[in-house]
Amino acid sequence: MAKVLVLYYSSYGHIETMAKAVAEGAKAGGAEVDIKRVPETAPADVAAAAGFKTNHDFPEAQPDELAHYDAIIVGAPTRFGNMSSQMGSFWDRTGGLWAQGKLIGKVGGAFTSSASQHGGNEATLLSIHKTLLHHGLLIVGLPYAYAGQMGVDEVVGGSPYGATTIAAGDGSRQPSERELEGARFQGQHIAQIAGKLSA
Ligand SMILES: Cc1cc2nc3c(=O)[nH]c(=O)nc-3n(C[C@H](O)[C@H](O)[C@H](O)COP(=O)(O)O)c2cc1C
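The structure reproduced in this document is the subject of the present report. (Residues numbered from 1 in each chain as written. Predicted model: local features only at pLDDT ≥ 70, side-chain atom pairs only at ≥ 80, totals over all residues. Heavy atoms only, no water.)

In this section: the site of the ligand. The environment of the ligand is made up of 16 residues, and the closest members are Ser10, His14, Thr78, Ser113 and Gly119. Phenylalanine 80 is positioned with one of its backbone polar atoms (N or O) 2.9 Å from a nitrogen atom of the ligand. Breaking the shell around the ligand down by element, the ones donating at least two residues are helix H1 (14-28), strand E3 (71-79) and strand E5 (107-114). Sort the elements by how many residues they give to the shell around the ligand and E3 lands first, with 3 residues. Across the shell around the ligand, the residue classes break down as 5 nonpolar, 10 polar and 1 charged. (Near = heavy atom within 4 Å. Polar contact = N/O pair within 3.5 Å; in protein donor to acceptor, adjacent residues only side chain to side chain. Helix = DSSP H or I, 4+ residues; strand = E, 2+ residues; numbered from the N terminus. Nonpolar A, V, L, I, M, F, W, Y, C, P; charged D, E, K, R; others polar.)

Between its terminal C-alpha atoms helix H5 (residues 121-134) stretches 20 Å, which fits the 20 Å expected from 14 residues at 1.5 Å a residue. Residues of H5 that are buried make contact with E3, strand E4 (82-83), helix H3 (85-91), E5, strand E6 (138-139) and strand E7 (164-166). (Expected span 1.5 Å × (residues − 1). Contact = heavy atoms within 4.5 Å.)

Another point: the side chain of serine 176. Within the fold, serine 176 resides in the loop between E7 and helix H6 (177-198). Those residues in contact with serine 176 that sit more than four places away from it in its chain are Glu154 and Thr165.

Below, the structure written as structure tokens:
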């Protein structure tokens, strides 16, 4: 059975909701799944002023734990077209793992959230992909087999680079069922591939 880690950061809960859906899909794909978050790095006064979440459903990850998994699926909100600095800061602590090649050959994926439909969500996914590639992970996105990413009948996230959701400028929009289904699809797809590679 493949072991999958869903590793996320979320200021307002959108990515946390997506992380749960990714994990549901990975479980359906036959994997043993953990969900962990990376630590908040914003100063407490900045986090409070911006209304960042302080109650979290999942424990903090430690960099060394990444080596225990067959697949790592990373979720972080879009910040000026990049992964959030909290997630980047976590990966900045993985130099030791990189030096030992501990993550080479594992399966990786990315999902994100952005305020607007074209606010840089694909660029954010690629920013996560770059980090995973430097560590030697094999990148898996959200294939067009998930047809819910197509169509223009409603606002919908999702791209071949990974699952996404659109939060709106004030954060009022929550992940739609179609976006959550994309997250589940990506989780299941990655778990199935990791299962084959680790068999
Ligand atoms: C400093 C900062 C920069 C942001 N940059 C972008 C951006 O470039 N494009 C965009 O669409 N949304 C941007 N956003 C909105 C976030 O992506 C949005 O709050 C997030 O996706 C919500 O996910 P969360 O609830 O998991 O934190 C930014 C938010 C902050 C606080």
